[in-house]
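# A closer look at the structure
One-letter residues, chain by chain:
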Amino acid sequence: MNSLHVHAAAAVVPRATRALCSSSTLLFFNHTPNFLSTLNHFNIGLPNNIRHHNCSCFYRFNRSVAAELRSPDLVALEYAELNLKEKVSEVGHVRIRQHVNPLSASLTIPVEVPNWNEVYGDSMLPLMVDIGSGSGRFLIWLARRFPESKNYLGLEIRDKLVKRAQFWVKELALNNVYFMFANALVSFEQLVSSYPGPLMLVSILCPDPHFKKRHHKRRVVQKPLVDSILKNLHPGGWVFLQSDVLEVALDMRNQFESHSDALEHITEIDPSVLCDNEGWLLSNPMGIRTEREIHVEFEGAKLYRRMYQKRI
């Protein structure tokens, strides 16, 4: 097999449970009944022609092609349907700075709350907030796939990423997703408390680990933010956490599970959801991987995921 064969189903079925084995020629993407059940629990809808099928789809590569693939190539494949321009002349060169200090003076000023009626086509729709939205591809994919079920808000502290993401939103003519240059530690409360509709989902996916102990205060999951999320999250709403750094994942888990009176883990609600012995979800329940997630799985590393629901 000298060429890359992409089965047609891969273009329409959201990517869910994945196994990547470097010694194999097969990248396998599986859409299982348990996963579909989980999506229903999270109120994340799928098109009817997909929801009721147990679908499997896969990319098959020969070994030489697989050896030449890099994680950016897999990102391009995962998000190919969006057809996004990597280089945007209106924004200029986008250099992704991996580590930004959220405590710097320029990031400690609260942002101005936008007019939500101007930002979204329907500002009463349930809201999902992605804290640390990065390039924005993850939220844009969700917004395009589910245009009438939710609004999506991405908060990011790297300004050029926000500008490029907003350019993509306009290019795709989406009115249910918006990105803001904002420090969630400073601005989350005033933003979500002013939103007219219910806050139904907050995601914090692979946040900056700030490894050095003296820099732990820079981590985004701090008590004030956790308190604000729980205060504003609508009963029945969800919190999705993910990290490829066990120490960071444990820190996030411990902070949220200290509020067990307000939150319960998905395994308490649906025992059929697949987890390991430590309670980490085995797959991403959102239907699409983040760019960091693609890279981590490409490297063969583990991701640690937790999902909580606010008690009703």
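Computed from a prediction, not measured in an experiment: that's the story for all the values here.

It is worth spelling out the overall build of the protein chain at this point. The helix and strand inventory of the protein chain stands at 12 helices and 11 strands. Per-residue burial over the protein chain gives 51% buried out of 312 residues. In the protein chain, of all internal contacts separated by at least 6 residues, the share reaching a separation of at least 24 is 80%. Of the roughly 14,900 Å² of accessible surface on the protein chain, 52% is carried by carbon and sulfur atoms.

Before going further, it helps to spend a moment on the sheet that holds strand E9 (residues 233-243). Taken together, the 7 strands give an open sheet; going across it, the order is E7-E6-E5-E8-E9-E11-E10, and neighbouring strands pair in mixed fashion. In the strand order of this sheet, the two ends are held by strand E7 (177-181) and strand E10 (263-265), each with one partner. When the angles between neighbouring strand axes are averaged without regard to direction, this sheet yields 20 degrees. Pairing of E10 with strand E11 (residues 304-310), which is carried by 3 bridges, proceeds in the antiparallel orientation.

Its identity is not glycine, yet Asn83 carries a phi of approximately 55 degrees, on the positive side. You can see Asn83 is positioned in the loop between helix H4 (71-78) and helix H5 (116-119). Backbone geometry at Cys206 places phi at a positive 50 degrees, although glycine is not the residue there. Looking at where Cys206 falls in the secondary structure, it is placed in the loop between strand E8 (199-205) and helix H9 (223-232).

This next bit is on the pairing of E8. Of all the 7 residues making up E8, 7 are buried; the element is thus mostly covered by neighbouring parts of the structure. Sheet analysis places strand E5 (residues 127-131) next to E8, joined by 5 bridges and oriented parallel. The residue bridging Leu127 from the neighbouring strand is Leu199, located in E8. Sheet analysis places E8 next to E9, joined by 6 bridges and oriented parallel. Of the residues in E9, the one forming a bridge with Leu199 is Leu233.

Relative to E7, strand E6 (residues 151-156) is paired through 5 bridges, and the arrangement is parallel. Residue pairing across strands places Leu155 opposite Met180, the latter belonging to E7. In the classification by handedness, the crossover that spans E6, the intervening helix H7 (residues 159-171) and the parallel E7 is right-handed.

Moving on to the pattern of salt bridges. Under the criterion given, the structure shown has 16 salt bridges. One salt bridge in this structure joins Lys302 and Asp276, with 2.9 Å as the shortest N-O distance. Remark: Asp276 occurs in the loop between helix H11 (266-269) and helix H12 (291-298) and Lys302 occurs in the loop between H12 and E11; sequence separation between them is 26 residues. Linked through salt bridges whose partners overlap, the residues forming this network are Glu78, Arg289, Glu293, Glu297 and Arg305.

Glancing now at the nonpolar core. One recurring pattern in soluble globular proteins: nonpolar side chains tend to sit buried together. In this structure, Val129, Ile131, Leu155, Phe188, Ile204, Ile229 and Phe256 are the most contacted members of the largest nonpolar core, which totals 35 residues. Those elements that place two or more of their residues in this core are H5, E5, E6, helix H8 (184-194), E8, H9, E9 and helix H10 (246-257). Once you skip the residues sitting within four places of it in the chain, Val129 turns out to touch Leu153, Leu155, Phe188, Val192, Leu199, Leu201, Val202 and Ser203. Val88, Val162, Trp238 and Phe240 belong to the second largest nonpolar core, which has 34 residues in total.

Scanning the entire structure with this criterion turns up 5 aromatic pairs. Look at Trp280 and Tyr304: their rings are 5.4 Å apart centre to centre, the planes differ by 75 degrees, and that puts the pair in the edge-to-face class. A residue pair is termed long-range when its members are at least 10 positions apart, and Trp280 in the loop between H11 and H12 and Tyr304 in strand E11 qualify at 24 residues. Residue Trp280 shares its accessibility class with Tyr304, and that shared class is buried. In textbook terms, an aromatic cluster arises when at least three aromatic residues are bridged by ring pairs, as seen for Trp116, Tyr120 and Tyr195. Taking NZ or CZ as reference, Arg306 lies 5.2 Å from the ring centre of Trp280, over its face.

Okay, the side chain of Glu293 next. Among the secondary structure elements, Glu293 is positioned in helix H12. Side chain to side chain, Glu293 and Gln242 meet in a polar contact 3.2 Å long. If sequence neighbours within four positions are ignored, Glu293 has contacts with Gln242, Asn284, Leu303 and Arg305.

Cut-offs used in this document
- Residues numbered from 1 in each chain as written.
- Predicted model: local features only at pLDDT ≥ 70, side-chain atom pairs only at ≥ 80, totals over all residues.
- Heavy atoms only, no water.
- Helix = DSSP H or I, 4+ residues; strand = E, 2+ residues; numbered from the N terminus.
- Buried < 20%, exposed > 50% of the residue type's maximum accessible area, 1.4 Å probe, protein only.
- Contact = heavy atoms within 4.5 Å.
- Areas by Shrake-Rupley, 256 points an atom, 1.4 Å probe, with all protein chains shown as cover.
- Pairing = 2+ DSSP bridges.
- Axes fitted to C-alpha atoms, helices over the stretch in contact; angles between N-to-C directions.
- Right-handed = clockwise from strand over helix to strand, strands pointing away.
- Salt bridge = Lys/Arg side-chain N within 4 Å of Asp/Glu carboxyl O.
- Core = buried A, V, L, I, M, F, W, Y, C linked by side-chain atoms within 4.5 Å.
- Phe/Tyr/Trp six-rings, centres within 6.5 Å; stacked < 30°, edge-to-face > 60°.
- Lys NZ or Arg CZ within 6 Å of the ring centre and 35° of its normal.
- Polar contact = N/O pair within 3.5 Å; in protein donor to acceptor, adjacent residues only side chain to side chain.

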